[in-house]
Amino acid sequence: MTDSSDTVAAVDPQALQEEALAAIAAASSLDELDEARVRYLGRRSALKLALREVRDRETGMALNAAREAIEQAVATRQHELERAELDRAIAEERVDVTLPGTPHPRGRLHLVTQVRREVEDIFLGMGYEVVDGREVETTRYLFDALNMPPNHPTRSPLHTFYVGEDTVLRSETSPSQIHTMEAKPPPVYMVSLGRCYRRDTADATHYPIFHQVEGLAVDRGITLADLKGTLRALLRQLFGAEREARFVTHFFPFTEPSVEVLVSCFQCDGDGCPMCRHSGWIEIGGSGMVDPNVLRFVGYDPEEVSGFAFGWGLERIAILRHGLPDIRDLWANDLRFLRQF
Ligand SMILES: [Zn+2]
């Protein structure tokens, strides 16, 4: 930008000053002003070169006057621009308290966790304690204690994940019954909720990981009527006060008798619809009176105490309540899906 013309003698101080002042006035930023300053006052500027070459006093005074005027103009313009810059920064950075704040996305509990906490609350309200189970179990607690004969299909590595010879990922929450009863004498009123693992191929209704709620009540004089009353109360809190429950005989190794629990369809109210397969009833899960062999295994006297137990899937409850088409949606981590609940 510097004008290093050799025709220094031809410099007209008056014209140079006017040109410089115009450029300085036109500078709209400190950068532009600095460019103008270098061009007109820099070491290689026409003015400085002319001052170095000056021979007569008159020309020298004229050049010096131009220099002083230009320097003054630069200082003034610099002050103006700095002031403007400051004003702009203040205006831009002013906090407008009426503007909406920065949104902080709010997380939420996974649908299965919501169901889990709801079930826990229902049982805490009935005086049960919530017990933590173990996801890694021994075959002794998962199979032997639960009265499963050596040839029971659930012992197969095709059904259950084996971690070692006698160590498995639990395929149901029932071992928590055994741990609880071993740890203390009756009475026992407990629920245990958590993850289970089965070697199921994932499809619309199966997933190799799922959650169960295990419930157990052992006391003097517990009968099937207690089971029915408790589970009916649970169903009504989960699916609505109008719901009816039905108990159909079934078989589980660790309960005798065993009953499958059905709830009256809350979609069609019993008239029949695809959800209840036109039967008016929906299967919820298994339950039954604790087998005396299980009570003996933990050192309880089946002549003294009796009990009931149940194990239901939490995903199934969530799927039924919300009419979810595919269990895999619960594991896909798609927030568009999960945020609905
Ligand atoms: Zn129905």
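Scroll up to find the structure.
Remember, predicted model here, so these are calculated numbers, not experimental data.

Draft legend 1. Spotlight on the overall build of the protein. Across its full length, the protein holds 11 helices and nine strands. On C-alpha atoms alone, the protein measures out to a radius of gyration of 42 Å, which is more than a quarter above the 20 Å that the 2.2 N^0.38 rule sets for 341 residues. Overall, the protein is about 130 × 50 × 35 Å in size when its C-alpha atoms are taken along their principal axes. Within the protein, the fraction of its 341 residues that count as buried is 40%. Contacts in the protein between residues at least 24 apart in sequence constitute 66% of all its contacts with a sequence separation of at least 6. Summed over its atoms, the accessible surface of the protein is roughly 19,200 Å², and 50% of this surface lies on carbon and sulfur atoms.

Draft legend 2. Focus on the coordination of the zinc ion. Those donors, Cys265 (SG), Cys268 (SG), Cys273 (SG) and Cys276 (SG), are the protein atoms that reach the zinc ion, and they lie 2.2 to 2.3 Å from it. Around the zinc ion, the four donor atoms sit at angles spanning 105 to 114°, and that spread fits a shape best called tetrahedral. Of note, the donors binding the zinc ion are all from one chain and are spaced C-x2-C-x4-C-x2-C. Overall, the relative accessible area of 0% leaves Cys265 in the buried class. Cys268 sits in the buried class, given a relative accessible area of 11%.

Draft legend 3. Broad picture of the packing of aromatic side chains. Summed over the entire model, instances satisfying the criterion amount to eight aromatic pairs. An angle of 0° between the planes, with centres 5.2 Å apart, marks the rings of Tyr207 and Trp331 as stacked. Pair noted here: Tyr207 is in the loop between β4 (188–197) and β5 (209–219) and Trp331 is in the loop between α10 (314–322) and α11 (335–338), with a separation of 124 residues, a long-range link. Residue class for Trp331 comes out partly exposed when judged on its relative accessible area of 23%. Ring geometry for Phe239 against Phe266: centres 4.8 Å apart, planes inclined by 10°, an arrangement best described as stacked.

Draft legend 4. Focus on helix α2 (residues 30–41). Counted at 1.5 Å a residue, the expected span for α2 with its 12 residues is 16 Å, and the 16 Å between its end C-alpha atoms agrees. What α2 keeps buried is the set Leu33, Ala36, Tyr40 and Leu41. The arc enclosing the buried residues of α2, seen along the axis, measures out at 95°, which places them on a common side. Residues of α2 that are buried sit in contact with α1 (13–26), α3 (46–53) and α4 (57–93).

Draft legend 5. The arrangement of the packing of α1 against α4 in detail. Relative to each other, α1 and α4 sit at 5°, their axes nearing to 9 Å. The orientation of α1 with respect to α4, classified from their angle, is roughly parallel. Between α1 and α4, the contacting residues are Pro13, Gln17, Ala20, Leu21, Ile24 and Ala25 on the first element and Ala62, Leu63, Ala65, Ala66, Ala69, Ile70, Ala73, Val74 and Arg77 on the second. Class assignment for the residues of the contact of α1 with α4 results in 13 nonpolar, one polar and one charged.

Draft legend 6. Quick peek at the packing of α1 against α2. Interaxial distance between α1 and α2 falls to 8 Å at its minimum, and their mutual angle equals 165°. What the angle tells us is that α1 and α2 run roughly antiparallel. Judged by the sense of rotation from one axis to the other, the crossing of α1 with α2 is left-handed. Taken together, the residues of α2 that come into contact with α1 (itself represented by Leu16, Glu19, Ala20, Ala23, Ile24 and Ala26) are Glu32, Leu33, Ala36, Arg39 and Tyr40. Taken together, the residues of the contact of α1 with α2 sort by class into eight nonpolar, no polar and three charged.

Draft legend 7. Region of interest: the environment of Pro208. Counting through the fold element by element, Pro208 comes out in the loop between β4 and β5. Overall, Pro208 belongs to the partly exposed group, its relative accessible area being 21%. In the structure, Pro208 is positioned 10 residues away from Arg198 in sequence and 4.9 Å away in space, judged by C-alpha atoms. Residues in contact with Pro208, not counting those within four places in the same chain, are Phe161, Cys196, Tyr197, Arg198, Asp200 and Ala202.

Reading the values: the criteria
- Sequence order as written defines residue numbering, which begins from 1 separately in each chain.
- Local features in a predicted model are, by the rule used here, given only for residues with pLDDT of at least 70; side-chain atom pairs are given and counted only at 80 or more, and totals for whole chains, interfaces and linings are based on all residues.
- Just so you know, side-chain values use all the structure's heavy atoms and leave hydrogens and water out.
- Secondary structure elements follow DSSP: runs of H or I of four or more residues count as helices, runs of E of two or more count as strands, with numbering from the N terminus.
- Based on C-alpha atoms, the radius of gyration is set beside the globule rule, defined as 2.2 Å times the residue count to the power 0.38.
- When a residue's accessible area, from a 1.4 Å probe over protein chains only, is under 20% of the maximum for its type it is buried; when over 50% it is exposed; and in between it is partly exposed.
- Whether two residues are in contact is decided by their heavy atoms, any of which lying within 4.5 Å being enough.
- Working definition of accessibility: Shrake-Rupley area with a 1.4 Å probe, residue cover restricted to the visible protein chains.
- Keep in mind that water is not among the atoms, so a site may look incomplete; donors are the N, O and S atoms within 2.8 Å of the metal, or 3.2 Å for Na, K and Ca.
- Between 85 and 135 degrees for all angles marks four donors as tetrahedral; over 155 degrees for opposite donors together with 65 to 115 for all other angles marks four donors as square planar and six as octahedral; every other arrangement is irregular.
- Each Phe, Tyr or Trp ring, with Trp reduced to its six-membered ring, pairs with another whose centre is within 6.5 Å; inter-plane angles below 30 degrees give stacked pairs, above 60 give edge-to-face pairs, and intermediate values give tilted ones.
- To estimate how far a helix should extend, the number of its residues minus one is multiplied by 1.5 Å.
- Starting at the helix axis, one direction is taken to each C-beta atom, and the arc is that of these directions.
- To get an axis, a line is fitted to the C-alpha atoms, and for a helix only the part in contact is used. The angle between two axes follows their N-to-C directions and goes from 0 to 180 degrees.
- Geometric relationships in this document are graded by angle, where less than 35 degrees denotes roughly parallel, more than 145 denotes roughly antiparallel, 65 to 115 denotes roughly perpendicular, and other angles denote oblique.
- Gly counts as polar in this scheme, as do all residues outside two lists: the nonpolar Ala, Val, Leu, Ile, Met, Phe, Trp, Tyr, Cys and Pro, and the charged Asp, Glu, Lys and Arg.
- Crossings are assigned a handedness: left-handed for a near helix turned anticlockwise from the far helix by less than a right angle, right-handed for a clockwise turn.

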